[in-house]
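Observations on the model geometry
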Amino acid sequence: KEALLIDPVLGMEDRDLMKVAERGMTLKYVVNTHAHADHITSGSVIKRKEPQVKTIISKASGAKGDILLADNDVIKFGDYSLKALATPGHTDGC
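Each value, and the rule that gives it
By convention here, each chain's residues receive numbers from 1 onward along its written sequence. Thresholds applied to this predicted model are a pLDDT of at least 70 for local features of residues and 80 or more for the giving and counting of side-chain atom pairs; totals over whole chains, interfaces and linings are not thresholded and use all residues. Values reported for side chains reflect all heavy atoms of the structure, with hydrogen atoms and water molecules removed beforehand. Here a strand is any run of E in DSSP of at least two residues, a helix any run of H or I of at least four, and the numbering for each starts at the N terminus. Three labels apply to residues, based on accessible area from a 1.4 Å probe with only protein chains included: buried if under 20% of the type maximum, exposed if over 50%, partly exposed otherwise in between. Counted charges follow a simple rule, with Lys and Arg positive, Asp and Glu negative, and His plus the chain ends left uncounted. By definition here, a salt bridge exists when the distance from a side-chain nitrogen of Lys or Arg to a carboxyl oxygen of Asp or Glu is within 4 Å. Two N or O atoms form a polar contact when they lie within 3.5 Å of each other; inside protein one atom must be a possible hydrogen donor and the other a possible acceptor, and for residues adjacent in sequence the pair counts only when both atoms belong to side chains. Paired strands, as defined in this entry, are two strands with at least two bridges between them according to DSSP. Helix axes are fitted to C-alpha atoms over the stretch in contact, other axes to C-alpha atoms as well, and angles between N-to-C directions run from 0 to 180 degrees. Within this scheme a cavity is a closed region of a 1 Å grid, computed over the protein atoms alone, that accommodates a 1.4 Å probe without allowing it to escape, whereas a pocket is open but has protein on both sides within 12 Å along at least five of seven lines; lining residues each have an atom within 4 Å of a point. Grid points are joined across faces, edges and corners, and a volume is the space filled by probe spheres set on the points. Charged residues are taken to be Asp, Glu, Lys and Arg, nonpolar residues to be Ala, Val, Leu, Ile, Met, Phe, Trp, Tyr, Cys and Pro, and polar residues to be all remaining types, Gly included.

Within the secondary structure, Asp7 sits in the loop between strand 1 (2-6) and helix 1 (13-22). For the buried Asp7, which has no salt bridge, the nearest side chain bearing the opposite charge is Arg15, at an N-O separation of 12 Å. A distance of 2.5 Å separates the side chain of Asp7 from the side chain of Thr33, its partner in a polar contact.

Relative to strand 6 (residues 80-83), strand 5 (residues 74-77) runs antiparallel, the two sharing 4 bridges. By the bridge assignment for strand 6, Phe77 is matched with Tyr80. Turn length for the strand 5-strand 6 hairpin, with the two strands adjacent in sequence and antiparallel, is 2 residues, and the turn residue Gly78 shows positive phi of about 55 degrees.

Turning our attention to the sheet that holds strand 2 (residues 26-31). The pairing of strands in a sheet comes from backbone hydrogen bonds and takes either a parallel or an antiparallel form. Across the sheet, which stays open at both edges, the 4 strands sit in the order 1-2-3-4 with parallel pairing between neighbours. Looking at strand neighbours, the two that pair on one side only are strand 1 and strand 4 (67-69), the edges of this open sheet. Averaged over all pairs of adjacent strands, the angle between their axes in this sheet comes to 25 degrees, without regard to strand direction. Here strand 3 (residues 54-58) pairs with strand 4 via 3 bridges, running parallel.

Volume-wise, the largest pocket comes out at about 400 Å³. As for the largest pocket, its lining consists of 20 residues, of which Thr33, Ser58, Leu69, Ala84 and Leu85 are closest to the centre. Those elements giving two or more residues to the lining of the largest pocket turn out to be strand 3 and strand 6. The residue inventory of the lining of the largest pocket, partitioned by class, reads 12 nonpolar, 6 polar and 2 charged.

Next up on the list: the pattern of salt bridges. Two side chains bearing opposite charge may form a pair once their charged atoms approach each other closely. Taken as a whole, this structure holds 5 salt bridges when the rule is applied. One salt bridge in this structure joins Glu2 and Lys28, with 3.6 Å as the shortest N-O distance. On the criterion of sequence distance, the pair formed by Glu2 in strand 1 and Lys28 in strand 2 is long-range, its members being 26 residues apart. Among the residues examined, Lys28 registers a relative accessible area of 27% and is labelled partly exposed. When the shortest N-O distance is used, the salt bridge between Lys49 and Asp14 registers 2.8 Å. Of this pair, Lys49 sits in helix 2 (residues 37-49) while Asp14 sits in helix 1; the two residues are 35 residues apart in sequence, bridging distant segments of the chain. Judged by its relative accessible area of 40%, Lys49 falls in the partly exposed class. Residue Asp14 is classed as exposed on the basis of its relative accessible area of 52%.

See below:
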């Protein structure tokens, strides 16, 4: 089973990874919905602990990620998928 984590919070990486493992899942992606330092930094910490994990963020954010999304792109994981929809307003480039 593949999982993704949306907007992880800095300092909670061990808890989040434990919750994924407890459910017998493999973390595939960390998805950042906006470019706030607490989320992006947490994704980097998770990648150091789990190098197979890919980080995802909107190309419009100007932030770095393994995968840069555009409006209507689709993220596939396991039997599921999520469609990226631009919702500007919270942070530039959301």
